[in-house]
Amino acid sequence: MVLARAAMLTVLGAACPAPAGDSSSAGLSEFFRPPAEFAGQLGGYASPLKFYDGQPVTDRAAWAKRRQEILTRWHGLLGPWPPLIARPILERIESERRENFTQNRVRLEVAPGRFQLGFLLVPEGRGPFPAVVVPYYDPETSVGLSKTPLRDFAYQLVRRGFVSLAIGSPGGVARQPDLGGAQCQPLSYLAYLAANCYNALAALPEVDAGRIGIVGHSYGGKWAMFAACFYDKFACAVWSDPGIVFNEDRISVNYWEPWYLGRDRFRTRSPGLITPDNPRTGAYAKLVAQGHDLHELHALMAPRPFLVSGGAEDPPSRWIALNHAVAVNRLLGFSDRVAMTNRTAHPPTEESNEQIYLFLESFLKPAKP
């Protein structure tokens, strides 16, 4: 049965089986329904259910080809990934007991021969456990060792029975990421690092490799979005107010910056909004010129579930973009795979974080008999 389902989902275009989940029992049903004014609205976004030559996608087999076409186009524009590491080195440098879990300081191979420090949090009890990758500027914040509130996703999730792997910016400075010679755009490289983090978790005996998700806020949300969309072994994902589509009116939805998608060997730009004197650069300029937007990447998630925990950068109107991912899931025979919650401001709140944790529990924890 498991092998048959995995084979079916490979045909659909996702290597990792979409977790069954039960959004109704977790009280999440309303988050899969757009407000009435946005229901069915598709806006001016080019449909992921049409090939780039305009031919329609009419069935699952065609979607698998279209999905590959999207991946090929985006990797072609953003630059190729270095080779993935099947079993990255993960060394536990020191360990200590915290509450109901063990906190391990780890040295992790994130690219061939390149290592970063992070934290691996493991709950007490017998595994294998579901797991999450938690990217952010620094791993300390994610495990509750900084003064920044409500960004401690790794800490809160290990207390709920998840193995959590927290990592930070390569090189330690988000605006000057250390790409180690990689030829892809920085945000794509972050996605590549997260894919190797998945592989590291999947190799651990404490982890259920079929139940690994990724969650991040803001910068970490952009990182989590690109990782989950590009690497289909992630079972589900949560993106907290990253700006899920291009928006050149919002300075925080800044995919054009050189530390995201605007890296350019021939031209540099100053940080800030796009102006005639400070124009688009790098892959971002090509993406916009060719009419691409991030809704194409959202579609790559199907049929894996994801939640947008929206704030100031991702208001309810983002459903217009998300409806395209809903349409792809509908073609594949899935519902309740695209969810959104909303708050007013950019920072997470107690309520928005609780919604995140309930979503991850619903889709990553084994169903109770």
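Residues numbered from 1 in each chain as written. Predicted model: local features only at pLDDT ≥ 70, side-chain atom pairs only at ≥ 80, totals over all residues. Heavy atoms only, no water.

Novice: Teacher, can you tell me more about the packing of helix 5 (residues 186-202) against helix 6 (residues 219-230) here?
Specialist: Helix packing for two helices is described by the angle between their axes and how far apart those axes are. Where helix 5 contacts helix 6, the axes come no closer than 8 Å and their chain directions differ by 70°. By the angle between their axes, helix 5 is roughly perpendicular relative to helix 6. Considering how the two elements wind past one another, helix 5 and helix 6 form a crossing that is right-handed. Of helix 6, the residues touching helix 5 (which contributes Leu187, Leu190, Ala191 and Ala194) are Tyr219, Lys222, Trp223, Phe226, Ala227 and Phe230. Across the contact of helix 5 with helix 6, the residue classes break down as nine nonpolar, no polar and one charged. (Axes fitted to C-alpha atoms, helices over the stretch in contact; angles between N-to-C directions. Helix = DSSP H or I, 4+ residues; strand = E, 2+ residues; numbered from the N terminus. Parallel < 35°, antiparallel > 145°, perpendicular 65-115°, else oblique. Left-handed = near helix turned anticlockwise from the far one by under 90°. Contact = heavy atoms within 4.5 Å. Nonpolar A, V, L, I, M, F, W, Y, C, P; charged D, E, K, R; others polar.)

Novice: What am I meant to see in the pairing of strand 7 (residues 236-240) here?
Specialist: Moving residue by residue along a regular strand, the side chains alternate between the two faces of the sheet. Counting buried positions along strand 7 yields five of five residues, so the element is predominantly enclosed. Here strand 7 shows no split at all, with Cys236, Val238 and Ser240 on one side and Ala237 and Trp239 on the other all buried. In this structure, strand 6 (residues 207-217) lies alongside strand 7, joined through five bridges in parallel fashion. Counted as the bridge partner of Gly213 is Cys236 from strand 7. (Buried < 20%, exposed > 50% of the residue type's maximum accessible area, 1.4 Å probe, protein only. Pairing = 2+ DSSP bridges.)

Novice: Would you take a moment to explain the sheet that holds strand 8 (residues 306-310) for this structure?
Specialist: Pairing between the strands of a sheet comes from backbone hydrogen bonds, and it takes one of two forms, parallel or antiparallel. One open sheet accounts for nine strands, arranged 1-2-3-5-4-6-7-8-9; its pairing is mixed. The sheet is open, and its two borders are formed by strand 1 (90-98) and strand 9 (338-342), each paired with just one other strand. The average undirected angle you get between the axes of adjacent strands in this sheet is 20°. With five bridges connecting them, strand 8 and strand 9 associate as parallel partners. When the sheet's bridge partners are listed, Val308 is paired in strand 9 with Met340.

Novice: So what exactly am I meant to see when it comes to the nonpolar core here?
Specialist: Across soluble globular proteins, nonpolar side chains have a tendency to be buried as a group. Among the nonpolar cores identified, the biggest contains 88 residues, and Leu201, Phe226, Trp239, Tyr255 and Leu261 are the most heavily contacted of them. If one sorts the elements of this core by residue count, helix 5 sits on top with 12 residues. Counting residues in each nonpolar core, the second largest holds 28 residues, with Leu28, Phe32, Val143 and Ile356 among its members. (Core = buried A, V, L, I, M, F, W, Y, C linked by side-chain atoms within 4.5 Å.)

Worth remembering: the numbers are spatial, not functional.
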